[in-house]
Number of protein chains: 2
Amino acid sequence: MTKKRFDDSNCSVARALNQVGDWWSLLVVLHAMYGTRRFVDFQQELGIAKNILCDRLARLVDNDVLKKVDVGEHGSRFEYRLTEKGRDLFPVVIALRQWGNKWNPAPDDASLDLRDRTTGQPIQMVQVQNAEGEPITVRDVFVSAVPVPGTKKDSA
Amino acid sequence: MTKKRFDDSNCSVARALNQVGDWWSLLVVLHAMYGTRRFVDFQQELGIAKNILCDRLARLVDNDVLKKVDVGEHGSRFEYRLTEKGRDLFPVVIALRQWGNKWNPAPDDASLDLRDRTTGQPIQMVQVQNAEGEPITVRDVFVSAVPVPGTKKDSA
DNA sequence: TAATCTGGTTTCAATATGCAACCAAATTCT
DNA sequence: AGAATTTGGTTGCATATTGAAACCAGATTA
């Protein structure tokens with residue numbers, strides 16, 4: 001009946017998808033990365049219904065992916081800005097973008113390049129790398145329990 | 001009324017999300033990467049309803065992310081295996097996994113390490129890199145039109 | 001002062017999800 | 001061999017989510 005949620009899953013992918021895993025959330029984050037901050041702009045750029053946009057923005061704020069800032073001079077006027085947690089989705093979004101470009105090229109061939117602001121050069125494809133920095137595939141990895149259970153660590 | 005779809009969007013992230021952007025699809029792909037191939041195993045590991053799993057597997061097969069292989073000796077017995085397109089989601093899944101681990105650590109602290117099979121070392125955090133291989137953030141990139149419109153290229 | 005912009009909320013129809021029951025072919029158990 | 005179970009689904013029904021459009025109040029612009 002109720003839609004499944006994964007807040008307490010012990011799978012970090014499931015927990016991540018719980019926060020940004022619906023149709024719209026990552027697109028909102030993407031546009032925030034492109035510079036969009038205002039409710040109306042999100043709505044027009046995404047073509048999303050207002051009630052859904054409200055819900056998604058609120059959820060992203062709840063989950064600390066965006067922060068809602070009142071930038072009004074006299075009354076209130078809001079902006080939604082990426083937090084560090086939100087900006088940290090950059091590799092996810094870019095990897096997804098590159099995958100989409102590679103396997104489902106733009107129908108009108110109007111693909112856009114992402115380039116390094118300082119050098120003007122295109123960025124690299126996002127890869128998974130081993131400790132030596134060599135690119136690896138899914139066949140090259142295995143899952144291991146964290147060796148020291150008491151130690152909090154940022155495991156990959 | 002009808003749920004929005006992004007098949008023909010000129011945004012590659014939208015097109016990607018159209019194929020793997022719902023609550024379950026990426027989890028199915030993840031478990032496929034962990035080695036799961038059989039219907040029943042997906043169902044038990046994910047705790048997903050059978051009709052939804054049917055739908056998602058069929059959609060992933062339609063989109064060429066999985067292929068359905070009849071491995072039956074006498075009658076039919078199916079396996080769902082990742083295609084190259086599916087395996088190519090590895091950076092996406094790993095980036096999402098690392099993001100989930102970093103910002104929403106496992107409640108029971110039972111996080112699992114991904115390690116390189118040959119060296120036994122943990123893998124690196126997935127990064128976006130410029131042409132020189134230096135990690136960059138969302139602030140370091142800009143979007144540019146592909147310079148030669150007639151040329152088909154794998155733009156980032 | 002009137003019109004419009006902004007950031008919403010409400011209502012309602014269409015669609016998606018989840019559970020449980022059912023099913024047929026293949027396999028395993030006794 | 002016959003019965004029970006496994007596999008890979010489908011169907012029906014109740015609930016949840018989505019999307020369009022109407023509405024709204026405060027701030028801004030004409």
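For the structure itself, consult the block above.
Model, not experiment: these values are computed from the prediction.

Novice: Looking at this structure, how should I read helix H6 (residues 90–103) of chain A?
Specialist: Helical geometry note: an α-helix holds 3.6 residues per turn, so side chains three or four residues apart project in the same direction. The first and last C-alpha atoms of H6(A) sit 20 Å apart over 14 residues, in line with the 20 Å expected at 1.5 Å per residue. For H6(A), every residue scored as buried is listed here: Phe90(A), Pro91(A), Val92(A), Val93(A), Ile94(A), Ala95(A), Leu96(A), Arg97(A), Gln98(A), Trp99(A), Gly100(A) and Asn101(A).

Novice: Just checking my understanding: could you explain the packing of aromatic side chains for this structure?
Specialist: The full count for this structure, using the stated rule, is 2 aromatic pairs over all chains. Ring centres of Phe6(A) and Trp24(B) lie 5.1 Å apart, and the angle between their planes is 80 degrees; this geometry places the pair in the edge-to-face category. Highlighted residues: Phe6(A) in the segment before helix H1 (12–20) and Trp24(B) in the loop between helix H1 (12–20) and helix H2 (25–34), drawn from two different chains. When its relative accessible area of 9% is taken as the criterion, Trp24(B) is described as buried. Sitting over the ring of Phe78(A), Lys68(A) keeps its end group 4.4 Å from the ring centre.

Novice: Hey, could you run me through the interface of chain B and chain A in this one?
Specialist: Note: interface size is frequently given as the accessible area lost on complex formation between the parts. The interface is formed by 94 residues belonging to chain B together with 93 residues belonging to chain A. Together chain B and chain A conceal approximately 9,300 Å² of surface at their shared face, both sides included; 61% is due to carbon and sulfur atoms. Across the pair Lys102(B) and Asp88(A) runs a salt bridge, and its minimum N-O distance is 2.8 Å. Run the count over chain B and chain A and you get 37 residue pairs in polar contact (both at pLDDT 80 or more). At the level of secondary structure, the elements contributing two or more residues to the side of chain B that touches chain A comprise H1, H2, helix H5 (84–87), helix H6 (90–103), strand E3 (112–116), strand E4 (128–129) and strand E6 (141–145) of chain B. When grouped by side-chain class, the residues that make up the side of chain B that touches chain A number 45 nonpolar, 24 polar and 25 charged.

Calculation criteria
Residues numbered from 1 in each chain as written. Chains lettered and ligands numbered in written order. Predicted model: local features only at pLDDT ≥ 70, side-chain atom pairs only at ≥ 80, totals over all residues. Heavy atoms only, no water. Helix = DSSP H or I, 4+ residues; strand = E, 2+ residues; numbered from the N terminus. Expected span 1.5 Å × (residues − 1). Buried < 20%, exposed > 50% of the residue type's maximum accessible area, 1.4 Å probe, protein only. Phe/Tyr/Trp six-rings, centres within 6.5 Å; stacked < 30°, edge-to-face > 60°. Lys NZ or Arg CZ within 6 Å of the ring centre and 35° of its normal. Contact = heavy atoms within 4.5 Å. Buried area = accessible area lost by both parts, 1.4 Å probe. Salt bridge = Lys/Arg side-chain N within 4 Å of Asp/Glu carboxyl O. Polar contact = N/O pair within 3.5 Å; in protein donor to acceptor, adjacent residues only side chain to side chain. Nonpolar A, V, L, I, M, F, W, Y, C, P; charged D, E, K, R; others polar.

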